Amino acid sequence: MFDINEIMKRAQQAKEQALDSVKETMEKNEERINEIKVPGSEQSASVSAAEVEEQISANTQRQVEILGQLFGPDSMEHLFGEDMGVLAAALETLEMEETDDEEELPFNLELEENLCAALEEAMARLASMPEPEAVPYQRDDVKWERFGILLSGILSTLNSHNLDRMDVEEHIPVMEQKIVSLVRRSWGIDGRSSLLDMIRYLAQEGYTLRYQLYSQASSPEEMMDETMDEEDRESARRAWRFAQRYRSQYAPGFMAGWDVGRAAMLTRWGCYLGWITESEAVGILWELSQKVVEELHSWREFARSYLFGGLMWKLLCGDSSAGSYLGYLADAAADLLTGKAEQDNGQWRDCPWPAKRKIGFTI
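Residues numbered from 1 in each chain as written. Predicted model: local features only at pLDDT ≥ 70, side-chain atom pairs only at ≥ 80, totals over all residues. Heavy atoms only, no water.

Visitor: What should I look at first to understand the packing of aromatic side chains in this one?
Guide: Aromatic rings considered in pairs are described by the distance between their centres and by the relative angle of their planes. Applying the stated criterion across every chain yields a total of 23 aromatic pairs. Ring plane angle 55° and centroid distance 5.0 Å describe the contact between Tyr250 and Phe308, whose orientation is recorded as tilted. Residue Tyr250 is located in the loop between helix H12 (230-246) and helix H13 (256-272), and its partner Phe308 is located in helix H15 (residues 299-317); the two are separated by 58 residues in the primary sequence. For the residue pair Tyr250 and Phe308, the accessibility class agrees, reading buried in each case. An aromatic cluster is present here, built from Tyr137, Trp144, Phe147, Trp286, Trp299, Phe302, Trp348 and Trp353 joined pairwise through their rings. Its guanidinium or amino end placed over the ring of Tyr207, Arg210 lies 4.9 Å from that ring's centre, counting from NZ or CZ. Positioned above the aromatic ring of Tyr325, the side-chain terminus of Lys314 is 4.5 Å from the ring centre. (Phe/Tyr/Trp six-rings, centres within 6.5 Å; stacked < 30°, edge-to-face > 60°. Helix = DSSP H or I, 4+ residues; strand = E, 2+ residues; numbered from the N terminus. Buried < 20%, exposed > 50% of the residue type's maximum accessible area, 1.4 Å probe, protein only. Lys NZ or Arg CZ within 6 Å of the ring centre and 35° of its normal.)

Visitor: So what exactly am I meant to see when it comes to H13 here?
Guide: Residues three or four positions apart in an α-helix share a direction because the helix packs 3.6 residues into each turn. An ideal rise of 1.5 Å per residue puts 24 Å on 17 residues; H13 measures up with 24 Å between its terminal C-alpha atoms. Following H13 by one or two positions, Gly274 adopts a phi angle in the positive range, close to 80°. (Expected span 1.5 Å × (residues − 1).)

Visitor: Help me out: how do you make sense of the nonpolar core in this one?
Guide: Where a protein is soluble and globular, its nonpolar side chains tend to be buried together. Grouped together as the largest cluster of nonpolar side chains are 93 residues, with contacts concentrated most on Phe147, Phe242, Val292, Phe308 and Trp348. For this core, the leading source of residues is H15, giving eleven residues. Beyond its immediate chain neighbours, meaning those up to four positions away, Val292 contacts Phe147, Leu151, Ala256, Gly257, Val260, Phe302 and Trp353. (Core = buried A, V, L, I, M, F, W, Y, C linked by side-chain atoms within 4.5 Å. Contact = heavy atoms within 4.5 Å.)

Encoded structure:
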């Protein structure tokens with residue numbers, strides 16, 4: 001058995017080592033969470049709680065890795081089974097995101113231009129990467145289940161989640177606690193009903209509709225109402241300029257990767273937490289797969305869509321660190337396409353994109 005005094009001592013050491021370096025960032029995260037609008041106000045709010053997940057989720061696993069370095073791998077395994085309370089106390093002192101040294105810059109037209117240039121550069125890099133040709137999938141093909149899981153690939157990679165099965169992590173108390181906290185605080189989802197509502201919203205409306213509305217508006221004022229403060233109005237102006245810049249190049253359907261990718265991640269989180277069954281999750285992912293295959297034609301296009309939607313979200317949030325964020329997304333997508341140094345191939349490369357089925361006759 002582990003010496004509980006030694007556990008407490010090491011937890012206190014973790015607390016002291018982490019507190020100074022993350023206190024300021026924790027305060028910033030709390031302020032950001034408090035500023036997010038309540039889900040369901042998508043039609044009137046410039047950004048909702050549903051769209052802050054990457055800002056909080058990207059390094060959940062990092063907390064466990066840090067404690068693993070402090071406690072050692074063997075002791076961590078023991079702690080998961082026998083003293084989750086002590087471990088959770090230590091985790092509370094660690095930040096949800098690593099401290100970012102990037103200076104917070106005020107938004108202006110020059111910064112917007114630079115961010116769009118960074119987006120275009122990252123999208124071009126992904127477009128040039130090799131990928132197997134799309135292959136036909138039969139309607140009842142077992143490959144659909146694998147494909148559906150891989151639609152959550154970018155967020156799963158950022159969170160170091162498992163991509164080989166439906167469960168995102170092993171069912172250990174500390175990970176279950178962290179994921180339920182993430183889903184509740186970042187998405188405003190507290191159970192089965194709100195989970196299904198959010199997945200339905202992302203599948204049917206999401207940023208696909210939002211981008212369409214901003215693209216069609218003749219001025220940003222069309223996207224404003226009397227309840228919006230000046231900060232919200234500035235967010236609307238940034239999103240309008242973004243949509244106007246790209247509307248002739250990218251149709252609203254191009255946003256499918258951003259909406260479907262996040263819906264797929266929510267589906268897997270909901271299954272892990274027991275809010276939906278695995279068979280239900282498989283069915284939802286199948287429906288999401290059909291939607292995204294109708295709009296996009298490759299993993300590279302899916303990845304570019306995810307970056308595209310991600311920047312529009314950041315512009316609405318008013319987050320000037322969007323350049324770093326795009327870099328994280330692009331790196332995760334590149335790993336999925338080509339594999340890391342210790343891998344032969346990326347998971348996307350090993351699961352070709354489903355070819356769109358032809359309708360009619362060939363003469």
